[in-house]
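Topology and contacts: notes
Now for the letters of each chain:
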Amino acid sequence: MSKTEKKDTKSLIMDLAENAIIAGGFNAFSFRELAAQIGIKSASVHYHFPTKGDLTVSVLRRYKENFESELPCVATTHASSSQLLNGFIDGFKTKIVDNHNMSICTMLTTDVRQLPDEVREELADFYRIKLNWLGSIFMLEADVDKKQAQVKASQMLASLHGASILVQATGDVEKYEDAVGYLR
C-alpha cells in the first residue's frame, strides 16, 4: 500500500468514525464495523489507530482544527460583536440543526463517563476553544468584564446545544430560534 493509499485509508476511517460519533456517540462504532465498511481487516484500522480512544482523539482534533479555522479572528475582523455572535448562532444551525445532526461535542458529552481520559481532555479543550472565542466577542461589548463575558459565553453555548437537542426531540426546527432568539 502506498503512502497516499495509507493516508486515504486513515482519512476514510476518521470520516466513518466521525459520522458514527455524530449519529450515536462514542459507542456507536467498532473497529470491526469500520473495517467492514471500508473493505479492510480490523487490524488495518488498528495499524492507524491503536485504540478507539486514539481514533476518537484524532477525529476530535481534526474537527476542532477545522472549526477553529472557520472562526473569524476577533482582533482583525471588522464585524461587530452582534454580527459575530449571529454568525456563530447561524453557523451552528447550518452545521448541526439543518443537517439533522447533533454536535460531535454533544454526542461525546453524553458518553463522558465512558470516555478514555485523552478523549475527555480533547473534548474539554474543544469546549474551551468555543467558550474563549465567544468570551472574546462578549468582551467587545461595553461594560462587560472578563468574568461576565465568560458567563455569557457559557450561557450561549449551553443554549445552542440545548436548542439542538430540543429540535431533535421535537422534530420542530422552529424550536431552535425559539430557544436562541434571545441571544440575537
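Relevant structure appears above.
Residues numbered from 1 in each chain as written. Predicted model: local features only at pLDDT ≥ 70, side-chain atom pairs only at ≥ 80, totals over all residues. Heavy atoms only, no water.

1. A few points about the overall build of the protein
Heads up, the rule is: Secondary structure elements are defined from DSSP: runs of H or I of at least 4 residues count as helices, runs of E of at least 2 residues count as strands, and each element is numbered from the N terminus. To sort residues, take the accessible area from a 1.4 Å probe on protein chains only and compare it with the maximum for the residue type: under 20% means buried, over 50% means exposed, and anything in between is partly exposed. Note on areas: Shrake-Rupley with a 1.4 Å probe; residue coverage comes only from the protein chains shown. The sign given to each residue is positive for Lys and Arg and negative for Asp and Glu; His and the chain ends receive no count. By convention, the point assigned to a charge is CZ for Arg, NZ for Lys, CD for Glu and CG for Asp.
In terms of regular secondary structure, the protein is built from nine helices and zero strands. Across the protein, helices and strands are ordered from the amino to the carboxyl terminus as α-α-α-α-α-α-α-α-α. For the protein, the proportion of its 184 residues judged to be buried stands at 39%. Surface summary for the protein: the accessible area is close to 10,100 Å², and the carbon and sulfur share equals 52%. Across the protein, the centroid of the 21 positively charged side chains sits 5 Å from that of the 24 negatively charged ones.

2. Focus on the packing of helix H5 (residues 81–97) against helix H8 (residues 146–170)
For any two helices packed against each other, the geometry comes down to the angle between their axes and how far apart the axes lie. To keep things clear, this is the line we draw: A fitted line through C-alpha atoms serves as each axis, taken over the contacting stretch for helices, and the angle formed by two N-to-C directions is quoted from 0 to 180°. We call two directions roughly parallel when the angle between them is under 35 degrees, roughly antiparallel when it is over 145, roughly perpendicular when it lies between 65 and 115, and oblique otherwise. Two helices that cross are described as forming a left-handed crossing if the nearer one is turned anticlockwise from the farther one by less than a right angle, and a right-handed crossing if clockwise. By definition in these notes, contact holds between two residues if any of their heavy atoms fall within 4.5 Å. In this count, Pro and Cys sit with the nonpolar residues alongside Ala, Val, Leu, Ile, Met, Phe, Trp and Tyr, while Asp, Glu, Lys and Arg are called charged and the others, Gly among them, polar.
Packing of H5 against H8 leaves a shortest axis separation of 11 Å and a crossing angle of 30°. In this view, H5 runs roughly parallel relative to H8, as classed from their interaxial angle. Pair H5 / H8 crosses with right-handed handedness. Between H5 and H8, the contacting residues are Leu-85, Phe-88, Ile-89, Phe-92, Ile-96 and Val-97 on the first element and Met-156, Leu-157, Leu-160, His-161, Ser-164 and Val-167 on the second. Grouping the constituent residues of the contact of H5 with H8 by class yields 10 nonpolar, two polar and no charged.

3. Remarks on the pattern of salt bridges
Cut-off, in case you're wondering: Each reported salt bridge corresponds to a side-chain nitrogen of Lys or Arg within 4 Å of a carboxyl oxygen of Asp or Glu.
Enumeration over the complete set of coordinates arrives at 10 salt bridges. Across the salt bridge formed by Arg-184 and Glu-177, the nearest N and O atoms sit 2.7 Å from each other. Residue classification places Arg-184 among the partly exposed positions, given a relative accessible area of 39%. Here the salt bridges do not stand alone but share partners, grouping Arg-61, Lys-64, Glu-122 and Asp-125 into one network.

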